[in-house]
Each structure stands twice: as C-alpha cells, then as structure tokens.
Amino acid sequence: MKTLHCRDAGFDCEGVIKAATDEEVLAQAAVHAHDVHGVEVSPELANQLRTLIKEEA
C-alpha cells in the first residue's frame, strides 16, 4: 500500500491518502489539494509529492 501524508507536503492537515500505486495516490492527492486546500497540483508539485509517497505494509 502506498501512502502520502498531507502534513509531509507542508500542510497543517491530518489527511492520509492510500492507494495501490503512486499514480493513484497522486490522483487522489490532486483532488484533496484542490477540494481541501484550494491548491492546483502542477506537474512540478506532483513530482515533489511523488518523493513523499511511502510504501507501507
């Protein structure tokens, strides 16, 4: 399972995105960033977020 903690991306947010692949995590992160934080995920931001995705058991 791949996970991305919103707090790791610099937001004061307890959100955690979980999915099977990096691409699914990034897609969900883009929706979360837009809906919750009013942020559009650019290709540059997506590349930065990709580095924050962790593999969890």
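Here is a short report on the structure shown in this document. These numbers come from a predicted model, not from an experiment. (Residues numbered from 1 in each chain as written. Predicted model: local features only at pLDDT ≥ 70, side-chain atom pairs only at ≥ 80, totals over all residues. Heavy atoms only, no water.)

Glancing now at empty space enclosed by the protein. It is the rolling of a water-molecule-sized probe over the atoms that shows where space remains empty. Evaluated as defined, the whole model comprises 1 cavity of 30 Å³ or more. What lines the largest cavity is Leu 4, Cys 6, Ala 9, Phe 11, Ile 17, Ala 29, His 32, Ala 33, Val 39, Val 41, Leu 45 and Leu 49. Of all the secondary structure elements, the ones that give two or more residues to the lining of the largest cavity are helix H1 (22–37) and helix H2 (43–50). Top element by residues in the lining of the largest cavity is H1. It accounts for 3 residues. (1 Å grid on protein atoms, 1.4 Å probe; cavity = no way out; pocket = protein on both sides within 12 Å on 5 of 7 lines; lining within 4 Å. Points joined across faces, edges and corners; volume = space filled by probe spheres on them. Helix = DSSP H or I, 4+ residues; strand = E, 2+ residues; numbered from the N terminus.)

For the rest of this paragraph, the subject is the environment of Leu 26. Mapped onto the elements, Leu 26 comes out in helix H1. Residue Leu 26 is classed as buried on the basis of its relative accessible area of 12%. Taking the C-alpha atoms as reference, Leu 26 lies 14 Å from Asp 8; in sequence the two are 18 residues apart. Here Leu 26 is in contact with Ala 46, Leu 49, Arg 50 and Ile 53, once residues within four sequence places are set aside. (Buried < 20%, exposed > 50% of the residue type's maximum accessible area, 1.4 Å probe, protein only. Contact = heavy atoms within 4.5 Å.)

Function cannot be read off these values alone, since they describe shape.
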